[in-house]
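# Structure assessment
Each chain, letter by letter, is given below.
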Amino acid sequence: GTRDFRLQAAGRTSENGATELYAIYTDITERKEWEERLRGRHRKIESLYAVTSHLPAVERPEFVFERVHDVLQDVLDYALTATGFAEDDRILFENAAAKGDIPTVTPSPAPMTSDHGAARALRTGETVIVDHELDPSWETSEVSLDATAHIPVSEHGVITIGQIGDTTFDSFDLRLTEILGTYAAVVLDQLEREKELRTAKEEAEDASALKSAMLANISHEIRTPLTAINGFSEVLTEELEPPHDDLAERVHDGGKRLLSTIDSVLQLSRLEAGTHELDTERCALDRIVKGTLSEWRERATNQSISLDIDVSDPPVVGVLDAEFVGDIAENLLDNAIKFTPSGGEV
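This structure is a prediction, so every number in the text was calculated from the model and none was measured. (Residues numbered from 1 in each chain as written. Predicted model: local features only at pLDDT ≥ 70, side-chain atom pairs only at ≥ 80, totals over all residues. Heavy atoms only, no water.)

### Regarding a nonpolar patch on the surface
Taken together, the side chains of Met214, Ile218, Ile222 and Leu258 define a hydrophobic patch exposed on the protein surface, amounting to about 340 Å² of accessible area. Per-element tally for the nonpolar patch: the top contributor is helix H4 (residues 171-239), with three residues. Among the secondary structure elements, Ile222 is positioned in helix H4. A relative accessible area of 35% means that Ile222 is categorised as partly exposed. (Patch = residues over 30% accessible without salt bridge, like charges linked within 9 Å, V, L, I, M, F, W, Y side chains within 5 Å. Areas by Shrake-Rupley, 256 points an atom, 1.4 Å probe, with all protein chains shown as cover. Salt bridge = Lys/Arg side-chain N within 4 Å of Asp/Glu carboxyl O. Helix = DSSP H or I, 4+ residues; strand = E, 2+ residues; numbered from the N terminus. Buried < 20%, exposed > 50% of the residue type's maximum accessible area, 1.4 Å probe, protein only.)

### A closer look at the layout of surface pockets
One number sums up the size of the largest pocket: a volume of about 1000 Å³. Lining the largest pocket we find 31 residues, and of these Lys256, Ser260, Glu295, Trp296 and Glu330 sit closest to its centre. Elements supplying a minimum of two residues to the lining of the largest pocket: helix H5 (244-273), helix H6 (285-302) and helix H7 (322-338). With 11 residues, the top contributor of residues to the lining of the largest pocket is H5. Across the lining of the largest pocket, the residue classes break down as four nonpolar, 10 polar and 17 charged. Computed from the structure, the second largest pocket encloses a volume of approximately 500 Å³. (1 Å grid on protein atoms, 1.4 Å probe; cavity = no way out; pocket = protein on both sides within 12 Å on 5 of 7 lines; lining within 4 Å. Points joined across faces, edges and corners; volume = space filled by probe spheres on them. Nonpolar A, V, L, I, M, F, W, Y, C, P; charged D, E, K, R; others polar.)

### Details of the nonpolar core
Within the largest apolar cluster, 27 residues are counted, with the highest numbers of intra-cluster contacts made by Val64, Val68, Leu72, Val153, Ile159, Ile161 and Phe169. Only helix H2 (61-74), strand E7 (147-153), strand E8 (157-163) and H4 provide two or more residues apiece to this core. With nine residues, the single largest contributor to this core is H4. Formed by eight residues, the second largest nonpolar core is a distinct cluster that contains Ile91, Met112, Ala118 and Leu122. (Core = buried A, V, L, I, M, F, W, Y, C linked by side-chain atoms within 4.5 Å.)

### Describing the sheet that holds E7
Overall, antiparallel pairing links the six strands, which are arranged E5-E4-E3-E8-E7-E6 in an open sheet. Both edges of this open sheet fall to strand E5 (110-111) and strand E6 (128-131), since each of them pairs with a single strand only. As paired strands, E7 and E8 are joined by seven bridges and run antiparallel to one another. Along E8, the bridge assignment pairs Ala147 with Gln163. (Pairing = 2+ DSSP bridges.)

### Concerning the pattern of salt bridges
Applying the stated criterion across every chain yields a total of eight salt bridges. Between Asp27 and Arg3 there is a salt bridge, and its shortest N-O distance comes to 2.8 Å. In this pair, Asp27 is assigned in strand E2 (residues 19-27) and Arg3 in the segment before strand E1 (5-13), connecting sequence segments 24 residues apart. Of the residues examined, Asp27 reaches a relative accessible area of 38% and is grouped as partly exposed. Among the residues examined, Arg3 registers a relative accessible area of 44% and is labelled partly exposed. Residue Glu205 pairs with Lys201 through a salt bridge whose shortest N-O separation is 2.5 Å. Note that Glu205 and Lys201 are positioned in helix H4 at a spacing of four residues, about one turn of the helix.

### Looking at the side chain of His156
Inspection of the secondary structure puts His156 in the loop between E7 and E8. On the accessibility criterion, His156 (12% relative accessible area) is buried. At 2.6 Å, the side chain of His156 forms a polar contact with the side chain of Asp189. With residues up to four places along the chain from it excluded, the contact list for His156 reads Phe65, Gly84, Phe85, Ala86, Ala185, Leu188, Asp189 and Glu192. (Polar contact = N/O pair within 3.5 Å; in protein donor to acceptor, adjacent residues only side chain to side chain. Contact = heavy atoms within 4.5 Å.)

Below, the structure written as structure tokens:
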């Protein structure tokens, strides 16, 4: 065959005027072959990087296996290639291809518990190589494989590659295939997590909608008799004489507080469901807070609690839902008065 040499030459003129030429020939055939091999490896790495960089954009697991199979065909030089995914305790092969005149054969399904090379690779999580035999991956009289390798893609599936005319795989190509399998597993894990998150989100939304509907129904069922209780207790407060009027007033006050609680629950359910509509207008914050304060001053006085307000000058003005902000202030005051001891200050 052809060989490559490097020539290093030098000349000089002798004393009698003759020209003398000195040359060194170095056989660089092996070095040239190694350089070409390095360039080939570099091209494969670049091609592999270019293809795998698009894998995270794939939206379905079967598309990941299709993309992996394209890489095996376009970048790596194997006689036969196939990818299979794990499903129902079996490995099902869908993508298969062959080089040149070799007939394309799709490997038969492999039970997970069998001694099949693909099943062993999936169980152990390591590459399994089968040499010097007709591998059951491609059971056909048309194809006689000298070596087969099965590379696991985590628990999702396998990459299966076949050699004809050689019993060994190029270690560099095999390592690239293993890296491809690992990267594909990362993408498949991500797709699986995203699916689980979507399912959890949908279940949470369904549960939230059910909770909101239940709260609305319960609140409605309580509001109906409570409205009657509040109405009659108010009438009794006006009609009855002491000390019975005080009992009626307590019933009326308790009913109003319970109705306020129901309104808060309903408002919370609307907020969680995203159906609460704000009725905004330009108003001063101090006016809203002062109006709320006047409603709670009597309760604070009855509990020997001083109630004061300090507003900025000029007051804060903004586009607000006055009723909604008033509810916030009311809840804050309710808790503050409830948990402040007698003689304290809010």
